[in-house]
Amino acid sequence: MKKTVIGILAHVDAGKTTLSEAMLYFSGMLRKPGRVDHGNAFLDNDIQERERGITIFSKQAVLQLPSREVTLLDTPGHVDFSAEMERALQVIDCAILVISGTDGVQGHTRTLWQLLSRYNVPTFLFVNKMDLAGAERQRILSALQQQLSGAVVDFTAPRSLRDEALATADEAAFEEYLDTDTVSDKKAAALIAQRKIFPCYFGAALKFEGIEPFLQGLDVFAPSPQYNEAFGAKVFKISRDSKNTRLTWMKITGGTLRPKTVLSLKKGGNRFEEKADQLRLYSGAKFETPDTAAAGSIVAVTGLSSTYAGQGLGFERDAAGAFLEPVLNYKLILPEGTEPHTVLPKLKQLEEEDPLLRILWNEQWKEIHVRLMGQVQLEVLKRLILDRFGLDVRFDTGKVVYKETISDTVEGVGHFEPLRHYAEVHLILSPGERGSGIQISSCVSADILDLNWQRLILTHLEEREHPGVLTGSPLTDVRITLAAGRAHLKHTEGGDFRQATYRAVRQGLMQADSLLLEPFYDFRLELPHANAGRALNDLQNMGAVVDPPEMQNDITLLTGYAPVAGLQDYWREVTAYTRGLGQLSCSLRGYEPCRNTAGVIAAIGYDPERDTENPADSVFCSHGAGTLVKWNEVPSRMHLESCLRPEKAAAPQEQGAPARRSYGAALDKELTAIFERTYGKTDAHAFRPQQKSASRPSLKDSYSIASQEEKPEYLLVDGYNIIFSWDELKDLAKEDMAAARGLLEDILANYRAFRDCTVILVFDAYKVKGNPGSVEQRNGIYIVYTKEAETADVYIERTTYALGKHCKVRVATSDALEQMIILGHGALRISANAFRLEMEDVEGKIAEMVRAYNMQNAEKHRIRDAARISPAKDTGERK
């Protein structure tokens, strides 16, 4: 009998599990179908699934159709558990995409459609809930054809209409239709297998309407894969049963598998063998232990300890990386007295069971962090940790997982040469396609660098997540090409190339124009007409792109996309201001340029030069000892020639073109002299990458990056320094410090509005115990309170350096040491007194603008009043 694995997918609440129950009931596998709302669904057997009424973990059930045995994989529909669903796509032969007849194509439906296309999965559509008001067959079919694919065909229509639609999908089908006035079932099945058509069925699973013809259609038209005789298998899931036995879920794609078979595994470049102890064939919560698992079977195997999701066994290769990825980061807070290092191995069990769950150890702060998809997944994780390990953990408020990329092409050089060690690596870093991740290749001849060394370098590039230099966020969408390398016959060891490779990546990033990316959601917001204005204002403030509103009876429908940072908890607000009548659904869109780069950089406060775990500097041998050479001096010391040939002479600067960085004419000469006597000659360009060739490729068109000159200036203000330098603020602070801070905020808000610049006001809070620091925006300016053990000077120094790479930065302070540090970073400093004069000038100009406006307004009223009188006067004269 033919074996077919069918996955069932849907946007949450489309009725996917209800359809699964109806299919199992009609096929004779269930005596009585369960219901999600009754908590007795056959496939939702986990206690959290029954409490929440959603599918969290993928489950399988075996059902018999007249001509085939079907393994049905029921996958989660909630976006937070999309990883569970995506893993199932790697092993299914075809999919059932369930659509709500009342809601139509929703945000997550589009994501599922993209994934099905990516994995090239033949797809059947079942439109559910057709018994409810508002579910109109033709309207839904048209929407599916417009929003998903024009190849969606109604298989419940009369045969003549169906065949007419099939004839347009393929030339051979068209010829068959011309010859016989019909298209055979065999040809229709072939078109479905090739994804040239997508059959669509309609029904109501809760009332068993349309189920029988749908099962008949699956039996006739579902693909029937042909399998190899050689053994092969795809691992798609790791789980543990109630006795904590580790289960490796796999689909047998060739040959057979028997208990006690020794399997050859590969992990981390190493090959080893493990024995498959027991085979389990699950259907719901129950399982059988077959003697043989034939090709096409889904089995859970015990006894394997080193398998992982996406692993290929036998002739199968490992699967490509996941399309979806976690976008939120939370700090995990353990119960008091719990040792983190004893908990980490336990949490790693959960990580291998859910690839979209990332467990991270922050060595600097000695903290455990988790990355995941959303709030529901966080709540399920908390309960899972309590049930399995007996730990009642807590989480902080959570932050968005940012990423970084580059917008130009650079050469990164890493040199590692302490005594009796040697390696030099040259890498070309160039922008990649959006969503492409890190792509690694080599263009080096084996005559120049041995293939073993090349493979080692590429392995080091793949083995870790490379942090960016703006915020330390993971690097993505970058092509890294090995361009050159050198080893020493006697002194080079494997670890030398690891050091050189890591340093080459960092050195290249320090030169590149980096771009901060943030995750975006596609959203669908339904709410009453009266609340539409509030929603549009909120979405605009969070930087959303909103499609034209649609009016549907008493409901306004808003769709578009917005940053995850804004939409993360917005559902709570929607519920509050619509009094429960609004509904927000989101699905991950991907990463796009951050809308508030400066604010994010300032809030995170990352300094790449102080990141000792990820150095950009190189180590050269000098006088028999290793010497650290700064990243911007490496090109003058490297042993191999540059692989990116610079132009022979720099192009002269155009007349009138603005300089990249200027200290300003009013710079204090004495301060400059003090700095140069202390720290050496001031060079604004020492903290900037070398000038790049104009011929290098750029991604500015695709990322819409504004040039340096087009960016607004940034003003950083040392709050308490200014307060105690201005007499009126100082006097007010003696009575009420909060009032003094508020007055300074108001003054700077007016200044920002007039000058059209970004203002960051920094206050010391370093003496407050346990203070994590904060950044908020009020009246258009950013207000920063530093964290414990961090002064405003340190924060301003770090932020000046980070922003100075991309923007014009000014700092208002009278701290002499801070001024020297700022000067060393090539920024423009302004003293408290000079800033006070500038502020008074701005206030004077604002007052002049107000007076001019009032005078102009008064003149308009005078002319209007005169116009009212004149017609009457003219009329009298005519009489």
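The coordinates are above.
These remarks concern the structure in this document. Just so you know, these numbers come straight off a predicted model, no measurement behind them.

1. Describing the side chain of Ser100
Then step 1. In this structure, Ser100 sits in strand 4 (residues 94-100).
Then step 2. At 3.3 Å, the side chain of Ser100 forms a polar contact with the backbone nitrogen of Asp103.
Then step 3. Beyond its immediate chain neighbours, meaning those up to four positions away, Ser100 contacts Ala14, Gln106, Asn128 and Lys129.

2. Focus: the packing of aromatic side chains
Two aromatic rings are characterised by how far apart their centres lie and by the angle between their planes.
Then step 1. In the structure shown here, the tally under the stated rule is 18 aromatic pairs.
Then step 2. Arranged with centres 6.1 Å apart and planes meeting at 50°, the rings of Phe155 and Tyr201 form a pair that is tilted. Here Phe155 is found in the loop between strand 6 (152-154) and helix 6 (159-167), whereas its partner Tyr201 is found in strand 7 (residues 198-202), with 46 residues between them in sequence.
Then step 3. Ring pairs connect the aromatic residues Phe126, Phe155, Tyr201, Phe214 and Phe221, which therefore count as one cluster.
Then step 4. Sitting over the face of the ring of Phe202, Arg137 holds its NZ or CZ atom 4.5 Å from the ring centroid.

3. Some thoughts on the environment of Thr405
Then step 1. By secondary structure assignment, the location of Thr405 is in strand 23 (residues 403-406).
Then step 2. Considering only alpha carbons, one finds Thr405 and Ser514, 109 residues apart in sequence, at a separation of 5.7 Å.
Then step 3. In this structure the side chain of Thr405 is engaged in a polar contact, spanning 3.0 Å, whose partner is the backbone oxygen of Asp477.

4. Examining the environment of Thr302
Then step 1. Tracing the backbone shows Thr302 in the loop between strand 16 (298-301) and strand 17 (312-314).
Then step 2. Thr302 gets classed as buried once you look at its relative accessible area, which sits at 7%.
Then step 3. It is 8.7 Å that separates the C-alpha atoms of Thr302 and Lys275, two residues lying 27 residues apart in sequence.
Then step 4. Beyond its immediate stretch of four places on either side in the chain, Thr302 contacts Thr245, Arg246, Leu247, Lys275, Ala276, Asp277, Gln278 and Arg280.

5. Brief notes about the sheet that holds strand 2 (residues 59-65)
Then step 1. Sheet architecture is open: seven strands sit in the order 2-3-1-4-5-7-6, paired in mixed fashion. In this open sheet, the two strands that pair with only one neighbour each are strand 2 and strand 6. Averaged over all neighbouring strand pairs, the angle between strand axes comes to 30°, with direction disregarded.
Then step 2. Of the strand pairs in this sheet, strand 1 (residues 2-10) and strand 4 are connected by five bridges, and their pairing is parallel.

Reading guide: rules and limits
Residues numbered from 1 in each chain as written. Predicted model: local features only at pLDDT ≥ 70, side-chain atom pairs only at ≥ 80, totals over all residues. Heavy atoms only, no water. Helix = DSSP H or I, 4+ residues; strand = E, 2+ residues; numbered from the N terminus. Polar contact = N/O pair within 3.5 Å; in protein donor to acceptor, adjacent residues only side chain to side chain. Contact = heavy atoms within 4.5 Å. Phe/Tyr/Trp six-rings, centres within 6.5 Å; stacked < 30°, edge-to-face > 60°. Lys NZ or Arg CZ within 6 Å of the ring centre and 35° of its normal. Buried < 20%, exposed > 50% of the residue type's maximum accessible area, 1.4 Å probe, protein only. Pairing = 2+ DSSP bridges. Axes fitted to C-alpha atoms, helices over the stretch in contact; angles between N-to-C directions.

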